[in-house]
Amino acid sequence: MRHLPEPWEGILCISGRSSLSGGRMKRAELRMLAWEVTRRCNLSCLHCRASAQDGPYPGELSTEEALAFIEEVASFAAPVVILTGGEPLLRPDILQIAERGSALGLRMVMAPNGTLLTTELARELREAGIQRISISLDGARRGTHDAFRGVPGAFEGALGGIRCAKEAGLPFQINTTVTRRNLQELPRIVELAQRLGAEAHHMFMLVPTGRGKEMRAEAISAEEYERTLHWYREQQLRSPIHLKATCAPHYQRILRQCGPGERKGFGQHRQVFERTTRGCLAGTAFCFVSHVGDVQPCGYLELTCGNIRREPLPSIWEGAGLFKELRDFRRYKGRCGRCEFRAVCGGCRARAYEMTGDYLEEEPLCSYEPKGVSSDRSRGHGLLSGEDLGVRCPGK
């Protein structure tokens, strides 16, 4: 099952502004943590970054280690903690972990696939402090979703899990990974999310890692990517629920290319745009911890910065060389390096790494031709915005 991370920006709206000095972030506050509590899964999704299956997987953190880790997190930061997998409900102590995190004041959320959820379990999750779950629908119909998930009945199972969440009063959002095989169904999926009563719909752009590498040919082109993001922005203007593009950092550029007058049309979700600071958060406000304790900038950028069994997370977060490189936007190469939106977009570092072998290279699926970074704009200021740059909405 492929769930990640970045998925939760919309519900967790990033607030505050990290300042820059010559293109380098002065500080990096951990605001979101995706924790792969287990790699076991009852599905076999084509695009799974973990290539997860029904284990067992040796070396997973014990209950004692897991509880100690959540306390360590709370000792230095207050991130949203995303309990993911694999299938997190396959971990026997998942309720205990959720309860501990919630008691420590952390916002605990979860990414199950829905097929194992019952009304009773959904109620237990809510009582344990889980504030929202995400359930993926990669098609508006059974055939498309089941083909993605690799198991017949996955679509009905996901819908059943959604019904259980609603009955238990557990808020949920719908996630969708976009590829060529389901791009045409995207409007129907967004409509379905609204009909089901989701709090939000998060659209993910495929990052070819894990089993997803086998779907590389099914990734949409840079031009299709751009058109899809513009379409999604139009839907966001009128949607009754929150829409969020994830693993699509140039969505932040597209939003900022629209003038302040048009942004007011975002209605009840306008504050989400105003408080969201950046596209790619890997290593800058977000990190991923694997089932065996390895720390990565995100689940898709499979480069290990340390292991929580050997070194405290605060030390890794503040001192790992890879994190420091990702926080220095002056190191970015190609079009990303000279883009006036590099501080609010940044390009997908994982996609750059998977497709070029260099995580600092330009975003391979961005068609925007930058105008260049103005030195007086990028030094000593907050994050750049379209208003700062005088950028107008396309077509105006």
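See the structure shown above.
Values in this document were obtained by computation on a predicted structure and should not be read as measured data.

A. Spatial organisation of the overall build of the protein. Looking only at helices and strands, one finds 16 helices and 12 strands in the protein. A total of 396 residues make up the protein; the buried ones form 62% of that total. Pairs at least 24 residues apart make up 74% of the contacts formed inside the protein by residues separated by at least 6 positions. As displayed, the protein has an accessible area near 14500 Å², and 46% of this comes from carbon and sulfur atoms.

B. Local environment of the pairing of strand 9 (residues 242–246). Across the 5 residues that make up strand 9, a large majority, 5, are buried. Here strand 9 shows two buried faces, one formed by His242, Lys244 and Thr246 and the other by Leu243 and Ala245. As paired strands, strand 8 (residues 200–205) and strand 9 are joined by 5 bridges and run parallel to one another. Bridging from a neighbouring strand, phenylalanine 204 pairs with threonine 246 of strand 9.

C. Layout of the pairing of strand 3 (residues 32–36). Burial analysis of strand 3 places 5 of its 5 residues in the buried class, the great majority of the element. Of the two faces of strand 3, the one holding Met32, Ala34 and Glu36 and the one holding Leu33 and Trp35 are both buried throughout. Where strand 3 lies against strand 4 (residues 80–84), 5 bridges are found, and the strand directions are parallel. Across the sheet, residue leucine 33 finds its bridge partner in strand 4, namely valine 81.

D. Looking closely at the state of the cysteines. Following the criterion strictly, the structure yields 0 disulfides and no others. Residue cysteine 345 stays outside any disulfide, its sulfur separated by 6.1 Å from that of cysteine 366, the closest cysteine. The class of cysteine 345 is buried, set by a relative accessible area of 10%.

E. Just the packing of aromatic side chains, in detail. If you walk through the whole model with that rule in mind, you get 7 aromatic pairs. Ring centres of tryptophan 35 and phenylalanine 69 lie 5.0 Å apart, and the angle between their planes is 75 degrees; this geometry places the pair in the edge-to-face category. In this pair, tryptophan 35 is assigned in strand 3 and phenylalanine 69 in helix 1 (residues 63–76), connecting sequence segments 34 residues apart. One exposure class covers both tryptophan 35 and phenylalanine 69, and it is buried. Taken together, Trp231, Tyr232 and Tyr251 form an aromatic cluster joined through their ring pairs.

F. Local environment of the pattern of salt bridges. In total, this model carries 19 salt bridges according to the counting rule given. The network of salt bridges with shared partners includes Glu325, Asp328, Arg330 and Arg331.

What counts, and at which threshold
Residues numbered from 1 in each chain as written. Predicted model: local features only at pLDDT ≥ 70, side-chain atom pairs only at ≥ 80, totals over all residues. Heavy atoms only, no water. Helix = DSSP H or I, 4+ residues; strand = E, 2+ residues; numbered from the N terminus. Buried < 20%, exposed > 50% of the residue type's maximum accessible area, 1.4 Å probe, protein only. Contact = heavy atoms within 4.5 Å. Areas by Shrake-Rupley, 256 points an atom, 1.4 Å probe, with all protein chains shown as cover. Pairing = 2+ DSSP bridges. Disulfide = S-S within 2.5 Å. Phe/Tyr/Trp six-rings, centres within 6.5 Å; stacked < 30°, edge-to-face > 60°. Salt bridge = Lys/Arg side-chain N within 4 Å of Asp/Glu carboxyl O.

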